[in-house]
Amino acid sequence: MDSRNFTINNGIMKRSEHVFEIGNVNLGKMFFDTLNSKPEFIGQIDAITDTTTTYQKMSENSVRCAIWLKKHGLGPNDIVFNCSHNRMNSYIPILATFYNGSTLAFGYKGIQIQMTKYLFKILKPKFIFTEVEELKIFSEVAIEMNLNVKIITYTKVFDYYYINDILNESTSHEVNEFSPTAPLNPNDDCILPLTSGTTGDSKILSHSYKAIMEGLLVHNMNKETTSNDVSLVYLPIYWLIGLRVMLSDVLNFTTRIVINETSYDLHEAFQLIQKYKVTKVRFSLGMMYRIFKWRKLETYDRSSLKTLTFNGVKLPAEMIKFMMTVAKNGIVEQTYGATEMSIPMSRGIMNKIDPNSCGSLYPNMSMKVIDVRSGENLGPKESGEICFKSPYLMKGYCKHPEATARAIDPEGWYHTGDLGYYEESGLVFVLGRVKNSKVLPNGKIIPLWQIERSLLLNSEVIETIVLTSDENSDTYKLFAFVVLLSGSKITEKELSEIVNDFTDIEFPVIVKIVDELPLTKTGKVNLWKLKKRVL
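Each value, and the rule that gives it
- Residues numbered from 1 in each chain as written.
- Predicted model: local features only at pLDDT ≥ 70, side-chain atom pairs only at ≥ 80, totals over all residues.
- Heavy atoms only, no water.
- Helix = DSSP H or I, 4+ residues; strand = E, 2+ residues; numbered from the N terminus.
- Rg over C-alpha atoms; globule rule 2.2 N^0.38 Å.
- Contact = heavy atoms within 4.5 Å.
- Areas by Shrake-Rupley, 256 points an atom, 1.4 Å probe, with all protein chains shown as cover.
- Lys, Arg positive; Asp, Glu negative; His and termini not counted.
- Charge placed at Lys NZ, Arg CZ, Asp CG, Glu CD.
- Buried < 20%, exposed > 50% of the residue type's maximum accessible area, 1.4 Å probe, protein only.
- Disulfide = S-S within 2.5 Å.
- Pairing = 2+ DSSP bridges.
- Right-handed = clockwise from strand over helix to strand, strands pointing away.
- Axes fitted to C-alpha atoms, helices over the stretch in contact; angles between N-to-C directions.
- Salt bridge = Lys/Arg side-chain N within 4 Å of Asp/Glu carboxyl O.

### Focus: the overall build of the chain
Thinking step 1. Counting secondary structure elements, the chain contains 16 helices and 28 strands.
Thinking step 2. Here the chain has a C-alpha radius of gyration of 23 Å; the compact-globule value for 535 residues is 24 Å, and the two agree.
Thinking step 3. Its C-alpha atoms give the chain principal-axis dimensions of about 75 × 55 × 55 Å.
Thinking step 4. Residue pairs in contact within the chain that sit at least 24 positions apart in sequence constitute 67% of those at least 6 positions apart.
Thinking step 5. Of the roughly 22800 Å² of accessible surface on the chain, 49% is carried by carbon and sulfur atoms.
Thinking step 6. Taken together, the 60 basic and 59 acidic charged side chains of the chain have centroids lying 1 Å from each other.

Here is the structure:
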């Protein structure tokens, strides 16, 4: 990091500030103007059919959806709930929600009924866009909870609104006269994503329109963008990072190759890179592992790749170096972030820095490391809990003030729960988690969170929980129970190898794939039932 871009005072490292003139925070207008500024630009290409979508068509579709939503009662602060995989038309309700100054919330593939009830109880969505796989659960829960909600499907289903049909209900005059509406207040809820659940139960959190709009601007100014970029992303759109990348691609005039995030065929992936001369790629963790073990990489032309990005987990240095050979003409980029922050906290170009680090702070980001017992600020190279402060921090966890108070202290510092330190050079290093570890009688610490995170960062994995055996430390065993997406072909052996490669666990980790995690009456995982299966 350039020394002019940050300061360290009294144990607080602070990156330089950047002020944005964003007026009334009309996020919808920012996308509307971008799409209409270059109407012939190809924004999307279907990886299967080669079908293209221009910015003009993206603008028209999202406007027509916004008009339909408003006609049917969507107003500021009303919630649109979206549950889709990466598809050519998944951008439509997202942009349409922003155009109305409303709030966007997300479900995920394979969501279970208890989680659906939890989400709908808090959110009370006015509109639901869904895949057919989740339609039955959403419909039943909506009826049971007496929700006044309209359900729109991405594929045609009798007796339900169909997304392509609702786009045809607006007139050309209405489309031509349309103008996006700003939120009533810059701090109104914009996006309500779910936490990953790697450190406890998933929670809904709130990001304001101001935080999302500024976050996108600062994220884009921190990137090495080039003209005619082509993006290939294997992250689900219901992850906040997957959504942010999609939105950034639109703002940066990047052509997006749309591929289902559960497609993990490496031959297909590198054929797409070769065919479309992809310049930016984000693989899932599971794919990166498979590429690392693959022996057919050299049969594909990868000369177009300029940026290969990974996030969410500390990779072994040898794997990072290998990824540099994958993007041999470009860079390997790592970001360190959390759903609680609308942008990553740090970013590094691994070709240029210590591969054990997570890069340097983003603009408008402050960091400190505190002693886990006393809470006092520590200095460079002193390990403790990492904390961040930024305008891009969440407003809080929805209707969960106790959890919000645990995460954000009275001075506005977000306590990540991560152990780490920073150097005088400005580089950030993450070592592990403060909690969710098992301490053995001999004093050894087993970071159970590493196992769960390494598994959850595969988008084929819906849920996971790790249990420990009750044996002595000489024969200690760990059991990871995993629920997969329907149709997933990943095996217990592959998942076990991923855990062993991406963690520092000294004891055997046995992965068990199950249809679902048994729950108690309160919706918590029934640990006793799981233990009966293996102990």
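### Examining the side chain of Ser139
Thinking step 1. On the secondary structure map, Ser139 appears in helix α5 (residues 132-144).
Thinking step 2. Its relative accessible area of 8% is what places Ser139 among the buried residues.
Thinking step 3. Residues in contact with Ser139, not counting those within four places in the same chain, are Ile151 and Tyr160.

### Some words on the state of the cysteines
Thinking step 1. Applying the stated criterion across every chain, the model contains 0 disulfides.
Thinking step 2. The cysteine Cys65 is free of any disulfide, with Cys190 supplying the nearest cysteine sulfur at 15 Å.
Thinking step 3. No disulfide involves Cys190; its nearest neighbouring cysteine sulfur is the one of Cys398, lying 13 Å away.
Thinking step 4. A residue is classified by how much of its surface remains accessible, and Cys190, at 0% relative accessible area, is buried.

### Concerning the pairing of strand β17 (residues 346-349)
Thinking step 1. Along β17, one buried face is formed by Ser346 and Gly348 and the opposite face, lined by Arg347 and Ile349, is buried too.
Thinking step 2. When strand β16 (residues 331-336) meets β17, the two strands line up antiparallel, connected through 4 bridges. Its bridge partner lying in β17, Gln334 is registered against Gly348.
Thinking step 3. When β17 meets strand β18 (residues 360-361), the two strands line up antiparallel, connected through 2 bridges. By the bridge assignment, Arg347 is partnered in β18 with Ser360.

### A word on the pairing of strand β12 (residues 230-233)
Thinking step 1. Alternating positions in β12 separate into two faces, Val230 and Leu232 on one and Ser231 and Val233 on the other, with burial throughout.
Thinking step 2. Pairing analysis gives 3 bridges linking β12 to strand β13 (residues 255-258), with the strands arranged parallel. Bridge pairing in β13 links Leu232 to Ile257.
Thinking step 3. What joins β12 to β13 is helix α9 (residues 240-251), and the crossover it makes is right-handed.

### Concerning the sheet that holds strand β8 (residues 150-153)
Thinking step 1. Taken together, the 8 strands give an open sheet; going across it, the order is β9-β8-β7-β5-β6-β10-β11-β21, and neighbouring strands pair in mixed fashion. Every interior strand has two partners, whereas the edge strands, β9 (161-162) and β21 (396-397), have only one.
Thinking step 2. Taken together, the 2 bridges between β8 and β9 define a ladder with parallel strand orientation. Looking at the pairing, Thr153 lines up with Tyr162 of β9.
Thinking step 3. Docked against the sheet, helix α3 (residues 91-99) engages β5 (79-83), β6 (103-106), β7 (127-130) and β10 (189-192), running at close to 150° with respect to β6.

### As for the pattern of salt bridges
Thinking step 1. In total, this model carries 16 salt bridges according to the counting rule given.
Thinking step 2. The partner of Lys29 in a salt bridge is Asp33, with the nearest N and O atoms 2.6 Å apart. Here the residue Lys29 and the residue Asp33 both occupy positions in helix α1 (residues 27-37), the gap between them amounting to 4 residues, near one helical turn.
Thinking step 3. Residue Arg347 is joined to Glu333 by a salt bridge in which the shortest nitrogen-to-oxygen separation is 2.4 Å. Taken together, the residues span a long stretch of sequence, with Arg347 in strand β17 and Glu333 in strand β16 at a distance of 14 residues.
Thinking step 4. Since its relative accessible area comes to 1%, Glu333 is described here as buried.

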